[in-house]
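# Topology and contacts: notes
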Amino acid sequence: MVDLQGQYKKIKNTVDTSIEEILNTATFVNGPIVHQFQKNLEDFLDVKHVIPCANGTDALQIAMMGLGLEQGDEVITADFTFAATVEVIALLKLTPVLVDVDPDNFNIDIDAIKKAITPKTKAIVPVHLFGQCANMEAIMEIAEEHNLYVIEDNAQAIGSSYKYSNGKKAKAGTIGHIASTSFFPSKNLGCYGDGGAIFTNDDDLAHTIRGIVNHGMYKRYHHDVVGVNSRLDSIQAAVLDAKLPNLNAYNKSRQQAAQKYNLAFKNHPNITIPKTVNGCEGVCDSCDCHVFHQYTLKIKNVDRDALVKHLNDNEIPCGVYYPIPLHKQKAYLDERYNDNDFKVTNQLVKEVISLPMHTELDDEQINFITSKVLEFVNG
Ligand SMILES: *Cc1c(COP(=O)(O)O)cnc(C)c1O
C-alpha cells in the first residue's frame, strides 16, 4: 500500500545526518530538533501553535482534555472513520454520537450533524477522511450557532487546503478551534515510528495543552491539572523535519497517481472514482484540495471482496477502509442508534476499496494495478 523504503532513499542523507547528531549529543527527548520541527510546521500550516505529542490518538484525546469536556458531554463524529476518533471520546467518558456521512466525499454529513444536536452537545469532530476536508464552512456555522467546539481530526489530510465559498483558503487543521494529526509512517507526513501533534490558534488553549502533555505541569513539579505523558521524540522529529520541505511534492505525487487511476476508471458503469468536492470539481492538478491519503473507489454490482482477493492473488495490496460502521462495533453499540440513520455508511462498507497510494508509484505499477482491477470488474 505504501513504499516507505523508496521514499527514504531520496532523503537518506538528511535523515541519517540528523539522527546521527541526536545520537552524538544524546538529545533523545525534547531535543532542539523537536522545537525546530514545531516551528517549521507552524510556518507551513500558518497556525499559531503546534504542540507535538506521541501519536494521533493521543493528540485527539489531549485536544478534548484541553477543551475541558466533561463526563456526559455529547461529541458528534462520523460513523465512517478509523476507530481512534470515537475511542478517545469514550475513554474520556464523554458520550460519542455517531452520525452518517456524505456518499460523495465520505465525510460527516451536515444535515445529520444538525439532527444529532441536543442541549448536551459540546463538540463536533469532523474527520478529513482520505485526504479531503469535511465541509468546514457549514460545520463552523453550526458550531457558532450552538456554541460548540470543533476538533478537526486531520490525521489523513495534512497539507491539503480547504477552500471557502468566497475563494479564501486555509490549511486543513487550522479552521476549527483545535486539530489533531498523526505522523504514523503511512500518513502523508509520516515518521519512522509513532508521532502526532495538536494545532490551535488559541493562545490560552495552547498553554493549557502544553501542560497536559507534560503531566499537567506548568511549573516544574507543580501539577495543576491531571495530564498525560505524550512526547514526540527527537529522532521522529528529525525524520519529520527532513520530510516537511517535501510534503507539497509528496502530496502532488499522490494527486498525479490519483489522476492516472481516475483516467483508467472514469465513466465505468461499475466503478465510481473518488469525488473531489472541496473547492474544485473533479481532480485538479493545480490545487491542494485533496491530498489522497487513500485512493478509494466505490464498486457496484461486482463482488468487492472477490475483487480484493483477485488483487491480492496478483500481489497487489489493497485495503477496505473501513469494513464495519462504528455504530455496529461491539465497543460502541448504543441503543439510541437507529440503523436506518446510517444508510450511507452501511452501503459504503460494502462498496469501498482503496488501491495502493504513495509517493513512489510509477506508471508501470499503476498500469498493472488498473489492468487487474478492470480485468476482474469487466469479467
Ligand atoms: C491514523 C489515524 C488516527 C490515529 O493516529 P495514530 O497516530 O495511529 O494514533 C486517528 N484518526 C484517523 C482518522 C486516523 O487515520
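Because the structure is predicted, anything quoted here is derived from the model rather than measured.

Counted according to the given criterion, the structure contains 14 aromatic pairs. Taken together, a centroid distance of 6.2 Å and an interplanar angle of 40 degrees make the contact between F80 and F106 tilted. Of this pair, F80 sits in the loop between β2 (74-78) and α4 (84-91) while F106 sits in the loop between β3 (95-99) and α5 (110-116); the two residues are 26 residues apart in sequence, bridging distant segments of the chain. For F80, a relative accessible area of 2% translates into the label buried. What makes F106 buried here is its relative accessible area of 5%. Ring geometry for Y337 against F342: centres 5.5 Å apart, planes inclined by 90 degrees, an arrangement best described as edge-to-face. Pairwise contacts between aromatic rings join F80, F82, F106, F130, Y321 and Y322 into one cluster. Lying over the aromatic face of Y164, K168 brings its terminal NZ or CZ to 4.7 Å of the ring centre.

Here the focus is the packing of helix α9 (residues 247-265) against helix α12 (residues 363-377). Running from N to C, α9 and α12 point in directions that differ by 35 degrees, and their axes come no closer than 10 Å. Crossing geometry of α9 relative to α12 is assigned as right-handed. Residues A257, K260, Y261, A264 and F265 of α9 form the contact with α12, whose participating residues are D363, I366, I369, T370, V373 and L374. Its residues assigned to classes, the contact of α9 with α12 comprises 8 nonpolar, 1 polar and 2 charged.

This brings us to the environment of P52. Among the secondary structure elements, P52 is positioned in strand β1 (residues 49-53). Residues P52 and T370, spaced 318 residues apart in sequence, show a C-alpha to C-alpha distance of 38 Å. Setting aside its immediate chain neighbours within four residues, P52 contacts V34, Q38, G196, A197, S230 and L232.

This part is about the nonpolar core. One finds I76, F80, V99, I108, I113 and I139 to be the most contacted residues of the largest nonpolar core, which totals 37 residues. Residues lining this core come from more than one domain, with at least three contributed by each of domain 1 (4-245) and domain 2 (247-377). Beyond its immediate stretch of four places on either side in the chain, F80 contacts V101, F106, L129, F130, Y321, Y322, T345, L348, V349 and V352. In terms of nonpolar packing, the next biggest core, distinct from the first, is built from 28 residues, V15, I158, A179 and A242 among them.

This part takes up α4. Note that an α-helix has 3.6 residues per turn; residues three or four places apart therefore point the same way. For α4, the full list of buried residues reads A84, T85, V86, V88 and I89. Where α4 is buried, its residues touch α3 (56-66), β2, β3, β4 (121-125) and β5 (149-153). Directly after α4, the chain includes K93, whose backbone phi takes a positive value near 65 degrees.

Quick look at the sheet that holds strand β12 (residues 271-272) now. Taken together, the 3 strands give an open sheet; going across it, the order is β12-β13-β14, and neighbouring strands pair in antiparallel fashion. Each edge of the open sheet is held by one strand with a lone partner, namely β12 and β14 (352-355). Across 4 bridges, strand β13 (residues 295-299) lies against β14 in antiparallel orientation. Following the sheet pairing, T296 is matched in β14 by S354. The sheet strands contacting α9 are β12, β13 and β14, and the helix crosses β13 at an angle near 15 degrees.

With that out of the way, let us pick up the pattern of salt bridges. This model, assessed by the stated rule, comprises 16 salt bridges. Across the pair D288 and K171 runs a salt bridge whose closest N-O atoms are separated by 4.0 Å. Of this pair, D288 sits in the loop between β12 and β13 while K171 sits in strand β7 (residues 169-171), and the two are 117 residues apart along the sequence. A salt bridge links K300 to E351; the shortest N-O distance between them is 3.4 Å. Placement of K300 in the loop between β13 and α10 (304-313) and of E351 in helix α11 (residues 343-351) is noted, with a sequence separation of 51 residues between them. Looking at E351, the relative accessible area reads 7%, which means it is buried. Bridged by salt links that share partners, the residues E74, D334 and R336 form one connected network.

Moving on to the domain arrangement of the chain. It is common to give the size of an interface as the accessible area that goes away when the parts come together. When cut into domains, the chain gives domain 1 (4-245) and domain 2 (247-377). Each of domain 1 and domain 2 was reduced to a C-alpha centroid, and the two centroids are 24 Å apart. With 49 residues of domain 1 at the interface, the matching set in domain 2 holds 38 residues. Counting every contact that joins domain 1 to domain 2 gives 5 salt bridges. If you look at where domain 1 meets domain 2, you find 23 residue pairs in polar contact (both at pLDDT 80 or more). Those elements giving two or more residues to the side of domain 1 that touches domain 2 turn out to be α1 (4-25), β2, α4, β3, β6 (161-163) and β7. Counting residues per element, the side of domain 1 that touches domain 2 draws most heavily on β3, which supplies 5 residues. When its residues are assigned to classes, the side of domain 1 that touches domain 2 shows 24 nonpolar, 13 polar and 12 charged.

About the thresholds
The residue numbering used here restarts from 1 in each chain and proceeds along that chain's sequence as written. Under the rules for a predicted model, residues below a pLDDT of 70 receive no local features and side-chain atom pairs below 80 are neither given nor counted, while totals for whole chains, interfaces and linings still include all residues. Think of the side-chain values as coming from all heavy atoms in the structure, minus any hydrogens and water. Any pair of Phe, Tyr and Trp rings, taking the six-membered ring for Trp, is counted once the centres come within 6.5 Å. Such a pair is stacked with planes under 30 degrees apart, edge-to-face with planes over 60 apart, and tilted for the rest. The helix count covers DSSP runs of H or I at least four residues long, the strand count covers runs of E at least two residues long, and both are numbered beginning at the N terminus. For every residue, the accessible area obtained with a 1.4 Å probe (protein chains only) is divided by the maximum for its type, and the residue is called buried under 20%, exposed over 50%, and partly exposed between those limits. Both a distance and an angle decide whether a charge sits over a ring: NZ of Lys or CZ of Arg must be within 6 Å of the ring centre and within 35 degrees of the ring normal. Axis definition: a line fit to C-alpha positions, over the contact stretch in the case of helices; interaxial angles, taken between N-to-C directions, run 0 to 180 degrees. Crossing handedness follows the turn of the near helix against the far one: under a right angle anticlockwise gives a left-handed crossing, and clockwise gives a right-handed one. Every residue pair with non-hydrogen atoms within 4.5 Å of one another is taken to be in contact. We call Asp, Glu, Lys and Arg charged. Ala, Val, Leu, Ile, Met, Phe, Trp, Tyr, Cys and Pro are nonpolar, and the rest, Gly among them, are polar. By convention a nonpolar core is built from buried Ala, Val, Leu, Ile, Met, Phe, Trp, Tyr and Cys residues, the set being connected through side-chain atoms within 4.5 Å. What marks off one domain from the next here is an automatic or database domain assignment. Pairing between two strands is assigned when DSSP locates at least 2 bridges connecting them. By definition, a salt bridge exists where a carboxyl oxygen of Asp or Glu is found within 4 Å of a side-chain nitrogen of Lys or Arg. N or O atoms within 3.5 Å of each other form a polar contact, as long as, within protein, one can give a hydrogen and the other can take it, and as long as residues adjacent in sequence are counted only when both atoms are side-chain atoms.

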